[in-house]
Amino acid sequence: VQPSARTVRLIQDKYAQKQHFDAIGIPLAPFVDVPDEEAAYQAGETLGYPFILKAKKLAYDGRGNAVVRTKEDVPQAVKVLGGQALYAEGWIPFTKELAVMIGRGLDGSVSAYPVVETIQKDNICHIVSAPASIPTSSARQAQEIALKAISSLDGAGIFGVELFLEANGTVLLNEVAPRPHNSGHYTIEACHTSQFEQHIRAVSGMPLGNTDLRVPAAVMVNMLGQESAEATQALVDKTIAISGASLHWYGKSESRPQRKMGHVTV
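In short, a report on the structure. (Residues numbered from 1 in each chain as written. Predicted model: local features only at pLDDT ≥ 70, side-chain atom pairs only at ≥ 80, totals over all residues. Heavy atoms only, no water.)

### Remarks on the packing of helix α1 (residues 5-12) against helix α2 (residues 14-23)
One way to put it is that α1 packs onto α2 with a least axis distance of 5 Å and a crossing angle of 105°. If you check the angle between α1 and α2, you find them roughly perpendicular. On the side of α1, the interface is formed by Leu10, Ile11 and Gln12, while α2 contributes Lys14, Ala16, Gln17 and His20. When its residues are assigned to classes, the contact of α1 with α2 shows three nonpolar, three polar and one charged. (Axes fitted to C-alpha atoms, helices over the stretch in contact; angles between N-to-C directions. Helix = DSSP H or I, 4+ residues; strand = E, 2+ residues; numbered from the N terminus. Parallel < 35°, antiparallel > 145°, perpendicular 65-115°, else oblique. Contact = heavy atoms within 4.5 Å. Nonpolar A, V, L, I, M, F, W, Y, C, P; charged D, E, K, R; others polar.)

In C-alpha cells form, the structure reads like this:
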C-alpha cells in the first residue's frame, strides 16, 4: 500500500498533519485545538478575529470549514460543524493560492513539478495556471517547503501540496493530499512526465521522470456539472470546438451541479 498507512492516517487528520509539519519547522498559519465551544472562544483570543474553525477530518472543497468573524459567530460556527472534532486556524490574508506536485520514489528520492497558481470559485478549484506568475524567490521557497514536507512522510507516490503566498512574498503550507491532485492535471499535456505516470514510476521503483514543462505555459479549467444535463453537455460541445484544447471527460454516471465532471487544458 502506497503511501504508507501511517502517512494516510496522519494526513486524513488535518490537525495531526499540522502538528507534524510544525514540529519539523515548516511555516504554517497559527492553529489551536478546539475540543469544545469554550475553546473556540479562547481561539478567538489567541488567534484574533476572523479565524477559521475546521473539522479535523473529511473536510474538502470548503466543506467542514466555518469562518468566525466575531465573538458572536462562535456558537453558530460550532453548531454548523457540530459532532466533529475541530481545530482553529488563524486567518491568512494571502495574495495567491499555490500548489506543487511532488513525486517520491521507493528509495526516498523526491522531485518537484513547477509551482502553479490555483484559483478557487465557490471553494472549488476553478483554474490552475502553470507556471505561477510569482517572484522566482517565492517559487523556490514553495518548492523547498513542498519537498521538505513530503520527504518527512513514509511511502512512495505522487503528492499534491497546497500553499499560500502572502503579500510580502512569504510562502506558508496549507495542506497535503497523498494522491494525484486537481492542481496536477495540467501535467498530462504540459510536462514531460504526467502526475499519473510519475505515480506509477514512484510506486513501482522506477526512476522518477522529468517534471519540466514542455510548453511555455498551460492553463487547466475544471468543468463542473451544470443545472441540467443539457447545460453540462453544452460545455463539452463548446470545448471540443476550441483548437488546441485538450478535453478530459471523467465518464461519471451522473452530472450534478458543482460536481467535477472533467477538465480542459490549453
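### Things to note about the packing of aromatic side chains
Enumeration over the complete set of coordinates arrives at four aromatic pairs. A centroid spacing of 5.9 Å and a plane angle of 45° characterise the contact between Tyr15 and Tyr87, whose relative ring orientation is tilted. Of the two residues, Tyr15 is situated in helix α2 and Tyr87 in strand β4 (residues 86-90); the sequence distance between them amounts to 72 residues. Under the relative-accessibility criterion, Tyr15 is labelled buried at 14%. Ring centres of Tyr49 and Phe51 lie 5.6 Å apart, and the angle between their planes is 45°; on these two criteria the pair is classed as tilted. For Tyr49, a relative accessible area of 29% translates into the label partly exposed. What makes Phe51 buried here is its relative accessible area of 0%. (Phe/Tyr/Trp six-rings, centres within 6.5 Å; stacked < 30°, edge-to-face > 60°. Buried < 20%, exposed > 50% of the residue type's maximum accessible area, 1.4 Å probe, protein only.)

### Observations regarding the nonpolar core
For soluble globular proteins, the rule of thumb is that nonpolar side chains tend to be buried together. Judged by nonpolar contacts, the single largest core of 28 residues is most densely connected at Leu163, Leu173 and Val176. When contributions to this core are tallied by element, the ones reaching two or more residues are α1, α2, β5 (96-104), α5 (136-151), β9 (157-165) and β10 (171-177). Per-element tally for this core: the top contributor is α5, with five residues. Grouped together as the second largest cluster of nonpolar side chains are 17 residues, Phe51, Leu53, Ala66 and Leu81 included. (Core = buried A, V, L, I, M, F, W, Y, C linked by side-chain atoms within 4.5 Å.)

### Looking at helix α8 (residues 229-240)
Between its first and last C-alpha, α8 extends 17 Å over twelve residues, near the 16 Å set by a 1.5 Å rise per residue. Among the residues of α8, those classed as buried are Ala231, Thr232, Val236 and Thr239. Buried positions in α8, seen along its axis, are confined to an arc of 155° and lie on one side of it. Facing away from the buried surface of α8 by more than 90 degrees, the exposed residues are Glu230 and Lys238. The secondary structure elements touched by the buried residues of α8 are β11 (218-224), β12 (246-249) and β13 (260-265). (Expected span 1.5 Å × (residues − 1). Arc of directions from axis to C-beta.)

### So, α5
In a regular helix each residue adds 1.5 Å, so 16 residues correspond to 22 Å; α5 covers 22 Å between its end C-alpha atoms and thus fits that length. Buried within α5 are the following residues: Ser138, Ala142, Ile145, Ala146, Ala149 and Ile150. Each buried residue of α5 sits inside an arc of 120° when the element is viewed along its axis, so together they form one side. Check the buried side of α5 and you find it contacts α2, β5, β9 and β10.

### What about the state of the cysteines?
Here the structure, examined in full by the defined rule, presents zero disulfides. Of all cysteine sulfurs in the structure, the one in Cys191 sits closest to Cys125, which takes part in no disulfide; the separation is 15 Å. Owing to a relative accessible area of 2%, Cys191 belongs among the buried residues under this scheme. (Disulfide = S-S within 2.5 Å.)

### Let's talk about the layout of surface pockets
Its volume calculated, the second largest pocket comes out at about 320 Å³. Secondary-structure elements contributing two or more residues to the lining of the second largest pocket are β8 (124-130), β11 and α8. It is β11 that provides the largest number of residues to the lining of the second largest pocket, a total of five residues. When grouped by side-chain class, the residues that make up the lining of the second largest pocket number ten nonpolar, five polar and three charged. (1 Å grid on protein atoms, 1.4 Å probe; cavity = no way out; pocket = protein on both sides within 12 Å on 5 of 7 lines; lining within 4 Å. Points joined across faces, edges and corners; volume = space filled by probe spheres on them.)

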